[in-house]
Amino acid sequence: MNGNAIPYPDPRGERLVDDSFFVLLSAHHDKISFTLPGPEWGKEWSKVIDTAEGGFVAEGEIYQARDEIVIEGRSLAVLKRSEPDD
């Protein structure tokens with residue numbers, strides 16, 4: 001979810017920008033690996049939600065573009081782009 005690509009302006013007609021997130025969802029019963037997109041979508045990501053760890057993550061792991069992430073089966077993880085939007 002790209003917070004830098006909101007197509008509608010705010011009530012004053014100014015550009016809206018929000019945080020960007022990457023959602024990983026596994027319906028498989030076993031662990032599964034995902035590869036993050038390249039740096040054009042975000043150079044650094046931090047984990048903010050992991051249902052395998054009970055939900056919100058206080059001090060989430062940090063990942064770089066194109067890192068491989070393994071999540072538990074039947075779980076969901078949400079990563080937030082760490083660097084500010086342009």
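Just so it is clear, the model here is predicted, and its values are computed rather than measured. (Residues numbered from 1 in each chain as written. Predicted model: local features only at pLDDT ≥ 70, side-chain atom pairs only at ≥ 80, totals over all residues. Heavy atoms only, no water.)

Peer 1: Account for the packing of aromatic side chains, with residues named and values stated.
Peer 2: Tallied over the entire structure, the rule returns 1 aromatic pair. Relative to Trp 45, the ring of Phe 22 has its centre 5.9 Å away and its plane inclined at 55°; by these criteria the two rings are tilted. With Phe 22 in strand E1 (residues 21–26) and Trp 45 in strand E3 (residues 44–50), this pair connects stretches of sequence that are 23 residues apart. You can call Trp 45 buried: its relative accessible area is 3%. (Phe/Tyr/Trp six-rings, centres within 6.5 Å; stacked < 30°, edge-to-face > 60°. Helix = DSSP H or I, 4+ residues; strand = E, 2+ residues; numbered from the N terminus. Buried < 20%, exposed > 50% of the residue type's maximum accessible area, 1.4 Å probe, protein only.)

Peer 1: Could you give an account of the nonpolar core, naming the residues involved and the relevant values?
Peer 2: Membership of the largest hydrophobic core is limited to 8 residues, which are Leu 24, Leu 36, Trp 45, Tyr 63, Ile 69, Ile 71, Ala 77 and Leu 79. Setting aside residues no more than four positions away along its own chain, Leu 79 makes contact with Ser 20, Phe 21, Phe 22, Leu 24, Leu 36, Trp 45, Ser 46, Lys 47, Tyr 63 and Ile 69. (Core = buried A, V, L, I, M, F, W, Y, C linked by side-chain atoms within 4.5 Å. Contact = heavy atoms within 4.5 Å.)

Peer 1: Requested: an account of the side chain of Ser 75, with residues and values cited.
Peer 2: Within the secondary structure, Ser 75 sits in strand E7 (residues 75–81). Beyond its immediate chain neighbours, meaning those up to four positions away, Ser 75 contacts Leu 24, Leu 25, Ser 26, Thr 51 and Ala 52.

Peer 1: Requested: an account of the environment of Glu 83, with residues and values cited.
Peer 2: Mapping Glu 83 onto the fold places it in the segment after E7. Sequence spacing of Glu 83 and Glu 44 is 39 residues, and the spatial spacing of their C-alpha atoms is 6.5 Å. Beyond its immediate stretch of four places on either side in the chain, Glu 83 contacts Gly 42, Lys 43 and Glu 44.

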